[in-house]
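Structure at a glance
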Amino acid sequence: MTERQPGFATRSVHAGQDPDLQTGAVVPPIHMATTFLQDGVGNLRGFEYGRTGNPTRQRLAECLAALEEARHCCAFSSGMAATAAVMMLLEPGDHVVLTDDVYGGTYRLLDAVLSRFGLRFTSVDASDLAALNAACEPSTKLLWVESPTNPLLRVVDIAAAAHIAHEHGALLAVDSTFASPALQRPLALGADIVVHSSTKFLGGHSDVLGGAVLTSDDSVAERVRFQQNAVGAVPSPFDCWLLLRGIRTLEVRVRRQSESALTIAHWLLEHPLVQRVHYPGVAADGARSLAERQMLGGFGGVLSFDVSDAHRAKEVLAKLRLITLAESLGAVESLAESPALMTHASVPEEVRRKAGLSNGLIRLSVGLEDVDDLIGDLDQALD
Ligand SMILES: Cc1ncc(COP(=O)(O)O)c(C=O)c1O
């Protein structure tokens, strides 16, 4: 009989988090050392220098790999550092196909930084598989999708996108930040690489920046590790420890956030001032059933909705009392923001408009407060 793999919640609490061997401390210590004793030149006890590897970072990587069911994980200092590490696997002249509804910083990285090093990219609505396929060129080496997307919460068919990528000889990378491994495992669906901004649901408390690249491809993992050591975007041991602490409650947090987000999405749908609600749980039939198949028992803690224009969006955001007006998402406290004016301001207005991102859009990250209190706050702000 094959041994049953521990469930997701069990892995969140225990993977990479065995008690300290030496002292028995139930919470593993933070190893701050930047360099490690060698028993003779090159004779290491597992670690050499803090940029190359660190015991606390290794525990975090082990935990994240167990959650994503990946063979390898490389933990980074931010989601953008993780994203850049994947993009930097490419060569000048290579082409990337990018979801058009993508985190503004990812667009900016390609548009304003990596284009200077010869990378080319095309933005496309990746939830439209025919368009995704048509955007691929002979020099396409990477398809980069988010699912659900930021900020319009579109669901991309990951298995189909992987098929398209592989037919074109390209890799599929999925930024799975909005789902977190509690709700989605892209590698099991055929993706080659998963990226997280662990600043969000994984950390969960708005107090740590982090990122991760996960893969079961040995060659990709080796190149990402080499690149990280060469470039140096490593997280501090304390940040790794904070992430491990946050991850211990990931499953319960995301379950509760998903339940509250669904309740709020239904409430917003009935509100006369709300023109559209973007959330996989209330999406049109096709998108909702894809999300039900692809996501694991919830649609996530982020939703967005349209009010008439940027002026009205600013008014509503200013009137919120309990929900904090701030960028970021996935934390215990609810946060709201205007993508057009804040997180996605670096995407040119025309590109935003083409992707369907209106100036009146408000993105809401649902925290762990009582859902009635959150609805009460939205009610008075929309009044
Ligand atoms: C989907 C997504 N990917 C990547 C990032 C970048 O992560 P970080 O802010 O940790 O660099 C963000 C940040 O908001 C994001 O929302």
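What counts as what
- Residues numbered from 1 in each chain as written.
- Predicted model: local features only at pLDDT ≥ 70, side-chain atom pairs only at ≥ 80, totals over all residues.
- Domains from an automatic or database assignment.
- Contact = placed C-beta atoms within 7 Å.
- Helix = DSSP H or I, 4+ residues; strand = E, 2+ residues; numbered from the N terminus.
- Nonpolar A, V, L, I, M, F, W, Y, C, P; charged D, E, K, R; others polar.
- Buried ≥ 20, exposed ≤ 12 C-beta atoms within 10 Å, placed from the backbone.
- Pairing = 2+ DSSP bridges.
- Right-handed = clockwise from strand over helix to strand, strands pointing away.
- Axes fitted to C-alpha atoms, helices over the stretch in contact; angles between N-to-C directions.
- Arc of directions from axis to C-beta.
- Left-handed = near helix turned anticlockwise from the far one by under 90°.

Let's shift gears to the domain arrangement of the protein chain. When the domains of the protein chain are assigned, the result is domain 1 (8-247) and domain 2 (251-382). With centres defined by C-alpha atoms, the gap from domain 1 to domain 2 works out at 25 Å. Tallying the contact residues gives 30 residues for domain 1 and 36 residues for domain 2. By residue number, the principal contributor to the side of domain 1 that touches domain 2 is helix α4 (residues 104-113), which donates 4 residues. Of the residues assigned to the side of domain 1 that touches domain 2, the class counts are 15 nonpolar, 10 polar and 5 charged.

Further remarks concern the pairing of strand β2 (residues 95-99). For β2, the buried fraction is high: 4 of the 5 residues fall into the buried class. Looking at chain direction, β2 and strand β3 (residues 120-124) are connected through 5 bridges and run parallel. Bridge pairing in β3 places valine 97 opposite threonine 122. On the question of chirality, the crossover connecting β2 to the parallel β3 by way of α4 is right-handed. Where β2 lies against strand β4 (residues 140-146), 4 bridges are found, and the strand directions are parallel. Its bridge partner lying in β4, histidine 95 is registered against threonine 140.

Sheet architecture is open: 5 strands sit in the order β8-β9-β12-β11-β10, paired in mixed fashion. The open sheet has two edge strands with one neighbour each: β8 (276-278) and β10 (324-325). The pairing of β8 with strand β9 (residues 302-306) spans 3 bridges and is antiparallel. The partner of valine 277 across the bridge, within β9, is phenylalanine 305. Against the sheet, helix α10 (residues 250-269) contacts β8 and β9, and its axis sits at roughly 10 degrees relative to β9. Across the sheet, helix α12 (residues 310-319) is in contact with β10, β11 (335-337) and β12 (361-365); its angle to β12 comes to roughly 30 degrees.

Glancing now at the pairing of β4. Along β4, 6 of the 7 residues are buried, which leaves the element largely enclosed by surrounding structure. Bridge count between β4 and strand β5 (residues 171-175): 5 bridges; the pairing is parallel. Bridge pairing links tryptophan 144 to alanine 173 in β5. Viewed along the sheet, the connection from β4 through helix α6 (residues 158-167) into β5 turns out right-handed.

Within the sequence span of helix α11 (residues 285-294), burial applies to Ala287, Leu290, Ala291 and Gln294. Here the buried residues of α11 occupy an arc of 100 degrees about the axis, which is enough to place them on one side. For α11, exposure combined with an orientation more than 90 degrees from the buried face picks out Asp285 and Arg293. Of the surrounding elements, those touching the buried residues of α11 are α6.

In this chain, serine 147 is followed by proline 148 through a cis amide linkage whose omega measures -10 degrees. Inspection of the secondary structure assignment puts proline 148 in the loop between β4 and α6. Omega for the bond connecting asparagine 150 with proline 151 falls within 30 degrees of zero, at 10 degrees, which places this linkage in the cis form. You can see proline 151 is positioned in the loop between β4 and α6. Residue serine 180 is not a glycine yet carries a positive backbone phi of 65 degrees. With respect to the secondary-structure elements, serine 180 resides in helix α7 (residues 180-183). Judged by the 26 C-beta atoms lying within 10 Å of it, serine 180 falls in the buried class.

What follows is about the packing of helix α2 (residues 55-68) against helix α9 (residues 237-247). Orientation of α2 relative to α9, taken along the N-to-C sense of each, is 35 degrees, at an axis distance of 8 Å. Remark: the crossing between α2 and α9 carries left-handed chirality. Facing α2, whose interface residues are Thr56, Arg57, Arg59, Leu60 and Cys63, α9 presents Pro237, Cys240, Trp241, Leu243, Leu244 and Ile247. A class-by-class count of the residues in the contact of α2 with α9 yields 8 nonpolar, 1 polar and 2 charged.

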